[in-house]
Each structure stands twice: as C-alpha cells, then as structure tokens.
Amino acid sequence: MARRKRKLDPKADPFLDRERQKYDRPVPSREFIMDFLEEQARPMTRDEVSLAMGLEDPDALEGLRRRLIAMERDGQLVQNRRGGYVIVDQQELVRGRVIGHHEGYGWLAPDAGGERIYLSPRDMRQVLHGDRAVVRLIGLDQQGKPEGRLVDVLSRANETLMGRFFSESGVHFVTPQNKRIHQDIIIPAEHTAGADDGQLVVVSIHQQPSLRHQPIGRVIQTLGENIAPGEEVQAAALTFGIPVEFPPEVQGEMRHVPEAVPDRDKQGRTDLRDMPLVTIDGADAKDFDDAVYCEAKPTGWRLVVAIADVSHYVRPGTALDQEAQERGTSVYFPGRVVPMLPEALSNGLCSLRPREDRLCMVCDMLITKNGEIRRSRFYRAVMRSRARLIYDMVARMVVDRDAALRERYQEVVPHLDELHALYKALRTARSRRGAIDFETTETEILFDPEGRIDSIQPTQRTEAHKIIEECMLAANMATARFLRRHRVPALFRNHERPEGDRLDALRDFLRGVGLQLGGGDDPQPRDFARLAEKLKTRPDRELVQTVMLRSLQQAVYHPDNEGHFGLAMDEYAHFTSPIRRYPDLLVHRAVGHVLDGGRGSGFYLNRDAMLALGEHCSMAERRADEATRDALMIMKCRYVREHLGEEFDGIITGVTGFGVFIQLEDIYVEGLVHVTQLDSDFFHFDPIRHQLSGERTGRVYRLTDRVRVKVARADPDERKIDLTMLGHVGPDGRLQPVVSGDDGRKPSRKGGPRRGTGAGPRPQRGRRRGGRN
C-alpha cells in the first residue's frame, strides 16, 4: 500500500493565532504536528515533516527543529534509531515519573494516570527516584501487573541530595538518606571535601547513572555526624529535594513588587471594599488567601468567596513563575513553612490582611435552601477585609452565642450567622450526594523555646472549620463547572473510585467481619457512606474505617475531569489556595483567560502541557508530604528518647510481614514492634485481615488492637522507634501478658512446609521483609 504524500498548509493550523501571539515567525503548533504524525501512522524524520508541511524558509526550518527538540524533551515525541519521530503514548510507549523502591526495583507512574508500570532492577540502574522517563510496555510481571523497559530518560530530578559519607577500601561513596534512591553516589577522592567516614553530607551529582556506571558526584557541604536539633526541616528539605532559598533571579524580580496595591491595578475591577468580607483561619496562619461573605436571599443564600489574585503578580514566563512551578506547593513543616512564593507576596501583597486593599478573584454563587449551587459567576475585584477571625472565635460566636464576641464583631455577626445557616444546608446536600465522611484524630505539636517538641496534643475540628471547608468546596465545584463549560485547559482535582486489587481486598475483609459493601463491581460513594453509617455502633468501627480508608486511591491533578469520588462530586478543581498551590494558580489563569474573552484553544498552555504539569504538581504534593513526615519523625525520635524504658498503651496502626506499627496513646508517636520481638512463635501475615497470627500460641495482632508496649530505642538518624510488646490491653484497661512460650518445647512447625506466593501467608520468624512503602 502506497504511503500518503500530501503537503499541508501551515495556515490550516487551528492554533496559528496562539502561535502568532507568542512568536514573530510562528511555526506549526505542537498539536498540529502531533495530529499530522498520528495521521501518518509511521515514524517521520524532521526533513519529511518539513517537506510535508511545505516549510522552506531557513527561519521556519530552524523553528521546526527547535520545536521537535522541545517536544522530545517534554516526552511528547521520541526518536527511533533512524531519526524518525514517534508519538509517545502510541505504539506501547508511555511517559511518566520513576518511583524507586529501596530493594532496587521501581515503577513508572504514567502522566496519563492509570496503573503503575513495573521496572526491573536492571532498568532502575539507569535512573533515580523522581526522574522522568519513557518506557515501552513489554508484558505483565509475575503478579499480572504491566511491566516496562526503559527507552529514554526525559529529565533528571536529583541534582543535589543528602546522605551519609563512607570510605571503604579506598572507595568513597554516599548513601542517600532518601530510601527510595537505591544507588550509592560514587565520590572521587579529589571531591570528598575532607568529609570523614560516617558524616552526613550534601552532594552534587555531576554524572547521572547509566547501565554501566553508578552516579558520580562531589561533596559540597559537610553537616556533621548527626542532624542537630533545629536542623530537622533543613535536613528533610535536602533529603527530598525541596527548594528552600529563592534564586537570585526571583529575588531580582521581587525588588519591583510594590508594598501596597497601586491605584492603576485597581482599575477595571469590581469594587467590593464596602462588602464586609472576613478571613477565617487558624491562630498561627500568616497567608490569608480566602475571604467569605454570605447574605440571605428569598430562595437561599448569596455566597461570595474572594481569593487572592496571585495571577496578577505571578506572570507566565517569569523567574518567579518558574520557581513556583518547580516548588508546586508550600510545604508546612512543624514550626516552619517553606513557601511556594516569596513572603513579600505570600504574607504580604497577596495576603488578604484586614483593612488593606487587596486584588482578588471572586466566585459569586447563589445557593438554594437545599444546598445546591443554582448559578455562579466569576470576576476580578478589589476588596478590603473587615476582620481577621480565627476558627475558635467564630465557633464561639455562631455556636456558643458568646455575647461579648458578638458585640465586638457586631458588623459581621449577621453574615456569620448566615454562613452558619448556609453550612447546614451544604452539609445536608453533602450527605444527600453520598460524600464519604470518616472521623480521624488530628494532632497539634507544641514546641519549647529551643524548638524541641514539648507535647503532642489532639485537636478538634470546630463548626467554624467545617463552615469554611464547605464554602471552599462549593467554590471549587463551581470553578470546575466553569472550566468544563468553557473548555479551557486547566487542572482538575481527580479522586478515582477504588478498583482492582484494593476493592477485592476490601470486600474479602468485610466478609470476614460480617459486613458488605454495596454497589457490586462499581460501588459509588453513597455505598461507602452507608457502610460508614453502619459502623457507628460497632465495637470494631475504627478497624473497619481504617481498612476502608486504605482502599481508596490518592487524589491527583489531571487536565481531564474525572470527578472526586470521596466528595461525590462529578466536577472538582482547586481554586481557593493560589498562594500555596500551583494548580490553583493555573486555574486562576484559565478563569482569567475566559473573563478576558479568550477561547480554550487560545490559552497559553495546551492539554499536553497541562498533563505534564498535573503529574509534576501531584509529585510535588507527595514530596511535600514525605518531607514533612521525615522532619516530624526526626523530632519525634528525639522526643521519645526522653521516655526510653517507659510503658505506654497504644493502638496498632499497621500490620506487615515484619511486624506491627503502634501509635502510643498520650504522646501520639508511632513505633515498630519487630516480628522477632513478639512471642516465641512463628507468625503468619494475613494481608486481607490485616493481622499476624501465632502458629502455636494462636495469639493474633490485628489492626486497631489495643496493646501495651515499652519504648526500647529511638534513632533520629534512622527515623526509627523500636518498641517491645508487653501484651494486649483488655476492655477493663488491664494487661493481658504475652505468652512467653518457655515451656520446655521448641516452637512447632507443624502444618506443612512453608508456602510460596499464591499459596497463602507465610510464617515469619525474624526475617526482615523491608520497610514501609
């Protein structure tokens, strides 16, 4: 069959107007090139593409060359050995981000979403955790999961990292603190910077790994033998590659940012300065990015949610925007924040401080008495917050009816009362939708003057927390509908339904405790909500709720709206926090583009760019969570050192083949009882029932069991707290001691030989099965 040969007219490019706005001499858009290559259904060289598109001018040819290079760099295209370009995500090629495992293998998380792709240790020798890559699907692994082979590395994620320096037999290397980075970094003798064996160092990687050699680097900073008190946040940031200091280019741009909003910036905006908008936040908050106002209407309420207009100050293509994109999110460490934006913006010009003029983007909604959004509109405005309120204060005004506070804030109290009434309607609508509500315990860390943990206290969410949460959810839902209606590229916040192995495991567990999840093979949020309602009077409520929570998937950012399963919303996006989340900033730009009369096809970012940004922002969110847990664990290890040898009651929060994780009551710290520290017995791990069962004694350690333990060891450098099991705690609070097994007999192995994968759980006896993923 003859190949089709026809010349394309570049003027037929549907995105030509956008390209003309960006370049003096526009070249074919990425979409036009992708559509052409897909139509050809074969690899094509650059010369073939230029010939088919009728490009002859040297500037046009150079523009095409640069565009193809950029598309290859961004993972849209890959070149074969003959120089032909092939579309990634076609012909079994998939791009995404590498996720490492400490045992040497890993996965690729596809940009487009879906199941992770297994990467063998051989492929993982060429990459490090966080790298972006293209892989070719080659089949299924032993567990029936997709397996891939590395084709190309698109970008590297690790330029510097923190680890421990070692010298053995004349060879110098650094073992990374991040356990997902499984390769040691080789350090040439001339680049050790005088580091001593066993010291913590920061290294710069100047040669990334390949199939034939490990990564090679140089020591750029020596930190000492241990992480010093007060340095936990810095250590966690270095371990997980979180930028802390802003580069000189950003600092240079910030010199031109005014201290107050200039009058010229207020022109052309809706003036809301007479509207009594208020901010409601925690007592220690400094960046106020949302304000609310509510008034009663005959059919319901008018709700105004005003959000800081960060997009006015952070423009595409600037160093400030590039740095915000790289950070992806602010990171809220214990006692310190690493902001996405410099403080002059996040705590200054963008923060909706009381009695100061501020620029904002407004979602103005009319909500019915049934809690349904009847209509909404968006506009740019200038506002002046009437008051900076805190959650406890608002709860005392609208719930406890505190007379003194209501008198003090009499100007805004009527609107707060309407907010409270609206909240009740929104909560009723939430229940009617079938949104999933789980009760969890949150904690607050109190520090001493030296910055060490003084105590960890449980916190309670007040009615005021829930009022603001429902207001923000309503604005986010309205925004997602707006974006879909106008078909402008943006990032949605997707939370997909549980499926596959997770759903099967949950159903197996529920059958074991006499419960059933409705919905058949396609359970809906309402099915989960009904099950959660049944748990309220059951003694095993916490156990079942924990297993249900772990069956749910992680929410991600993606340009295709898939809805939010947990919230039971068909459309959902993040609009309300552009000071601290880059996806929200992108959403604001998309909304602003429509307000300025733009169409979806004319937006400065296309779907493919949004796909990569969504994956990056999802990664940045996970990175922030991991870094925060890491810093907190260092602090908790130091805190627990003061309690060595003490006994605590606790709850089993995790069960694995190598032991049980227990959260200690009163101090809210989690530690591990290794399987070798349990009874003198062989233990079977049952992942369905989330339990370890003794083969001889019959003793069972199950998720959410209440036990008593002794603190044996706390190692801040290893982020480990080791506990010794003393026994279960009965309903009366009395200890049920561990059976010693010292009855003159050796532990029995009766019951047949040990069985491999697929034949049931294996007995565990002192075999370390690896850490938590």
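Residues numbered from 1 in each chain as written. Predicted model: local features only at pLDDT ≥ 70, side-chain atom pairs only at ≥ 80, totals over all residues. Heavy atoms only, no water.

**Q** I'd love a proper account of the packing of aromatic side chains, names of residues and values included.
**A** Summed over the entire model, instances satisfying the criterion amount to nine aromatic pairs. Ring geometry for F378 against F482: centres 4.8 Å apart, planes inclined by 55 degrees, an arrangement best described as tilted. With a gap of 104 residues between them, F378 in strand β20 (residues 373-384) and F482 in helix α14 (residues 463-486) connect regions that are remote in the sequence. In this structure, F378 and F482 share a single accessibility class: buried. Arranged with centres 5.5 Å apart and planes meeting at 90 degrees, the rings of F528 and F565 form a pair that is edge-to-face. In this pair, F528 is assigned in helix α16 (residues 525-534) and F565 in the loop between β25 (556-558) and α18 (582-595), connecting sequence segments 37 residues apart. (Phe/Tyr/Trp six-rings, centres within 6.5 Å; stacked < 30°, edge-to-face > 60°. Helix = DSSP H or I, 4+ residues; strand = E, 2+ residues; numbered from the N terminus. Buried < 20%, exposed > 50% of the residue type's maximum accessible area, 1.4 Å probe, protein only.)

**Q** Provide a residue-level description of the environment of R264, including the pertinent values.
**A** As for its placement among the helices and strands, R264 is situated in helix α8 (residues 263-266). With 125 residues separating them in the primary sequence, R264 and G139 have C-alpha atoms 60 Å apart.

**Q** Let's hear about the nonpolar core: which residues, and what values?
**A** One finds M365, L389, M397 and L483 to be the most contacted residues of the largest nonpolar core, which totals 99 residues. At 13 residues, the largest contribution of residues to this core is made by α14. The contact partners of L389, leaving out residues within four places of it in the chain, are V278, T279, I280, D281, V394, M397, Y409 and L416. By size, the runner-up hydrophobic cluster in this structure holds 61 residues, among which are F240, I242, L664 and I721. (Core = buried A, V, L, I, M, F, W, Y, C linked by side-chain atoms within 4.5 Å. Contact = heavy atoms within 4.5 Å.)

**Q** Residues and numbers for the packing of helix α9 (residues 319-327) against helix α19 (residues 607-641), please.
**A** Interaxial distance between α9 and α19 falls to 8 Å at its minimum, and their mutual angle equals 60 degrees. Here α19 runs oblique to α9, going by the angle between their axes. On α19, the residues touching Q325, E326 and R327 of α9 are L613, H616, A620 and R623. The residue inventory of the contact of α9 with α19, partitioned by class, reads two nonpolar, two polar and three charged. (Axes fitted to C-alpha atoms, helices over the stretch in contact; angles between N-to-C directions. Parallel < 35°, antiparallel > 145°, perpendicular 65-115°, else oblique. Nonpolar A, V, L, I, M, F, W, Y, C, P; charged D, E, K, R; others polar.)

**Q** Would you mind going over the pairing of strand β7 (residues 146-155) in detail, with residue names and values included?
**A** Pairing analysis gives eight bridges linking strand β6 (residues 132-140) to β7, with the strands arranged antiparallel. If you follow V134 over to β7, its bridge partner there is D152. Once β6 ends, the chain turns through five residues before running back antiparallel as β7, passing G144 with a positive phi of about 80 degrees. (Pairing = 2+ DSSP bridges.)

**Q** So what's going on with α9? Residues and values would help.
**A** What sets the pattern is the α-helix's 3.6 residues per turn: residues three or four places apart point alike. If you check which residues of α9 are buried, you get L320, D321, E323, A324 and R327. Looking straight down α9, one finds its buried side chains confined to an arc of 165 degrees; they lie on one side. Turning to α9, the residues buried within the fold contact α7 (248-254), β18 (336-338), α10 (343-349), α18 and α19. Two residues or fewer past α9, G328 is found with a positive phi of approximately 80 degrees. (Arc of directions from axis to C-beta.)

**Q** Report on unusual backbone geometry, specifying residues and quantitative values.
**A** For residues besides glycine, phi is generally negative; the peptide bonds are generally trans as well. The backbone phi angle of T704 is positive, close to 75 degrees, even though this residue is not glycine. Given the relative accessible area of 19%, T704 is considered buried. In this structure, R719 takes a positive phi of about 55 degrees despite not being glycine. Among the structural elements, R719 can be located in the loop between β32 (706-715) and β33 (720-729).

**Q** Residues and numbers for a negative patch on the surface, please.
**A** Where like charges cluster on the molecular surface, the negative patch consists of E168, D196, D197 and E225. Turning to its location among the elements, E225 is positioned in the loop between β12 (216-224) and α6 (232-240). (Patch = residues over 30% accessible without salt bridge, like charges linked within 9 Å, V, L, I, M, F, W, Y side chains within 5 Å. Areas by Shrake-Rupley, 256 points an atom, 1.4 Å probe, with all protein chains shown as cover. Salt bridge = Lys/Arg side-chain N within 4 Å of Asp/Glu carboxyl O. Lys, Arg positive; Asp, Glu negative; His and termini not counted. Charge placed at Lys NZ, Arg CZ, Asp CG, Glu CD.)

**Q** I'd like a description of the side chain of R638, backed by residues and values.
**A** Mapped onto the fold, R638 is located in helix α19. Take R638: its relative accessible area is 17%, and that puts it in the buried class. With near-sequence residues (within four places) excluded, R638 lies in contact with I227, A228, P229, E232 and P716.

**Q** Run through helix α15 (residues 500-512), naming residues and quoting values.
**A** Here α15 spans 19 Å end to end across 13 residues, near enough to the 18 Å set by a 1.5 Å rise per residue. Within α15, the full set of buried residues consists of L503, L506, R507, F509 and L510. The buried residues of α15 occupy an angular sector of 165 degrees when projected down its axis, which confines them to one face. Those residues of α15 that are exposed and angled more than 90 degrees off the buried face are R511 and G512. (Expected span 1.5 Å × (residues − 1).)

**Q** Please give an account of the pattern of salt bridges that cites residues and values.
**A** Following the criterion strictly, the structure yields 57 salt bridges and no others. Between E62 and R65 there is a salt bridge; the shortest N-O distance is 2.8 Å. With a gap of three residues between them, E62 and R65 both fall in helix α4 (residues 58-73), about one helical turn apart. In this structure E62 comes out as partly exposed when scored by relative accessible area, which is 28%. Close ionic contact of R581 with D584 constitutes a salt bridge, the shortest N to O distance being 2.9 Å. In terms of burial, R581 and D584 fall into one category: buried.

**Q** Which residues make up the packing of α14 against α18, and what values do they have?
**A** Relative to each other, α14 and α18 sit at 50 degrees, their axes nearing to 11 Å. The angle between α14 and α18 places the two elements in the oblique class. Crossing of α14 against α18: the hand is left-handed. Together, T479, F482, L483 and H486 of α14 and V587, A590, V591 and V594 of α18 make up the contact between the two elements. (Left-handed = near helix turned anticlockwise from the far one by under 90°.)

**Q** Give me the lowdown on the pairing of strand β28 (residues 669-674), citing residues and values where you can.
**A** Looking along a regular strand, one sees side chains alternate from face to face of the sheet. Across the six residues of β28, five count as buried, placing the element largely inside the fold. The pairing of strand β27 (residues 659-664) with β28 spans six bridges and is classified as antiparallel. Opposite L664, over in β28, you have V669 as the bridge partner. Taking the residues that link successive antiparallel strands as the turn, the β27-β28 hairpin has four residues, and the phi of D666 there is positive, at about 75 degrees.

**Q** I'd love a proper account of the confidence of the model for the protein, names of residues and values included.
**A** Close inspection of predicted coordinates is inappropriate for parts of the model with low pLDDT. Across the protein, the average pLDDT comes to 87, with 93% of residues at or above 70. Taking the mean pLDDT of every element in the protein, the minimum, 36, falls on strand β35 (residues 763-764) and the maximum, 98, on strand β16 (residues 300-308). Below a pLDDT of 50 lies the segment residues 1-5, which in the model reaches three contacts outside its immediate sequence neighbourhood of four places, other chains included. Contacts for the low-pLDDT stretch residues 740-773, under 50 throughout, to residues beyond four places or in other chains number 59 contacts. (pLDDT = per-residue confidence, 0-100.)

**Q** Account for the environment of I445, naming residues and giving values.
**A** Mapped onto the secondary structure, I445 falls in strand β22 (residues 442-447). Apart from the residues within four sequence positions on either side, I445 is in contact with P334, I453, S455, I456 and L632.

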